Amino acid sequence: MKISSTEFVKSAFAEEGWPRVTLPEVAFLGRSNVGKSSVINSLLGVRGLARTSSTPGRTQALNFFLINKRLHFVDLPGYGYARVPRDVRESWGEIVTNYLAKRESLVLSIQIVDSRHEPTTLDLQLREWLQAHEKPFLTVATKSDKLSNNELRKNLESAHKLLGGRNQVIAYSAVTKRGRDEVWRAIEEAVTVSQSPFLKSEK
Ligand code: GTP
Ligand code: MG
């Protein structure tokens, strides 16, 4: 997709703050600090639209972005950062699964994992939740620039066994832009397939 405009829409802490359902939405999910915001920025070819940070676990809000006035990207809070207070950790599940379960306009969930490590228990739980709720998803293994080709191939195989299901796990790097075209193809397909009633009623 050629990117002609990107815009920060809003941060929402509660459901009341979600933007009105008008456009197909793609959600980015994963462990704290795994590289979610960097995936968003690199897909869009912009710097700093989604805020990146080397301090994990800061954001508990859902951040909405408008792309080409045609779809939303949603940067979701990261999970699994141990130094976050327990009540914040517990609210993660509620905030995020509430959004994933209820959001009618959600057409694709992109689960981001770290290509350097085995998927974590929380990665597996999220993946099971998405599957059990029949949510279309895609698995992206990021930071692939930090591995040799050999290591990457091995890790992708094991991530695919654990997480991929019918889908391939896409090797990604926000630094080299590896995987960018593949992820865009999946997004475009999900948006096209989603000619659902809520979209038609807007036309
Ligand atoms: P939270 O919002 O805190 O959960 O983090 P996040 O998942 O949005 O991660 P973010 O994009 O902020 O990236 C975390 C750190 O990893 C930053 O220091 C990034 O520069 C670095 N990083 C992200 N993606 C890549 C990548 O593909 N390659 C390399 N080498 N570094 C990356
Ligand atoms: Mg982030």
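Definitions and cut-offs
One numbering rule holds for all chains: residues counted from 1, following each sequence as written. Whichever chain is written first is A, and whichever ligand is written first is 1; the rest continue in order. For this predicted model, a pLDDT threshold of at least 70 governs which residues receive local features, and a threshold of 80 or more governs which side-chain atom pairs are given and counted, while totals over whole chains, interfaces and linings are taken from all residues. Calculation of side-chain values draws on the structure's entire complement of heavy atoms; hydrogens and water are dropped beforehand. Note on definitions. A residue lies near a molecule or strand when any single heavy atom of the residue is within 4 Å of it. Any pair of nitrogen or oxygen atoms within 3.5 Å is treated as a polar contact; in protein, a donor-acceptor pairing is required on top of that, and neighbouring residues in sequence qualify only through side-chain atoms on both sides. Note on areas: these come from Shrake-Rupley sampling with a 1.4 Å probe, and a residue is covered only by the protein chains present in the view. Only DSSP runs of H or I with at least four residues qualify as helices, and only runs of E with at least two residues qualify as strands; both kinds are numbered from the N terminus onward. Polar here means any residue other than Ala, Val, Leu, Ile, Met, Phe, Trp, Tyr, Cys and Pro, which are nonpolar, and Asp, Glu, Lys and Arg, which are charged; Gly is therefore polar. For two strands to be treated as a pair, DSSP must find no fewer than two bridges joining them. Every axis corresponds to a line fitted to the C-alpha atoms, with the helix fit spanning only the stretch in contact, and the corresponding angles, defined between N-to-C directions, vary from 0 to 180 degrees. To sort the angles, those under 35 degrees are grouped as roughly parallel, those over 145 as roughly antiparallel, those from 65 to 115 as roughly perpendicular, and the leftovers as oblique. Any pair of residues with heavy atoms lying within 4.5 Å of one another is described as a contacting pair.

K.L.:
For the site of ligand 1, give the residues involved together with the corresponding values.
P.N.:
Among the 20 residues in the neighbourhood of ligand 1, the closest are listed as Lys36, Ser37, Ser38, Asp145 and Ala174. A distance of 2.9 Å separates an oxygen atom of ligand 1 from a polar backbone atom of glycine 35. Protein contacts shield 82% of the accessible area of ligand 1, which totals 650 Å² for the unbound molecule. Per-element accounting of the shell around ligand 1 gives the leading share, three residues, to helix H1 (residues 36–44). Partitioned by chemical class, the residues of the shell around ligand 1 number four nonpolar, eleven polar and five charged.

K.L.:
Give a detailed account of the sheet that holds strand S2 (residues 25–30), specifying residues and quantitative values.
P.N.:
Taken in spatial order, the seven strands make up an open sheet running S1-S3-S4-S2-S5-S6-S7, and their pairing is mixed. Looking along the sheet, the strands with just one partner apiece sit at the ends: strand S1 (6–12) and strand S7 (169–171). Taking each pair of neighbouring strands and ignoring which way they run, the sheet shows an average axis angle of 25°. Across four bridges, S2 lies against strand S4 (residues 71–75) in parallel orientation. If you follow phenylalanine 28 over to S4, its bridge partner there is aspartate 75.

K.L.:
I'd like a description of the packing of H1 against helix H5 (residues 180–193), backed by residues and values.
P.N.:
Where H1 contacts H5, the two axes come as close as 10 Å, and the packing angle between them is 90°. One element, H1, and the other, H5, form an angle in the roughly perpendicular class. On H5, the residues that touch Ser42, Leu43 and Leu44 of H1 are Arg180, Val183, Trp184 and Ile187. Its residues assigned to classes, the contact of H1 with H5 comprises five nonpolar, one polar and one charged.

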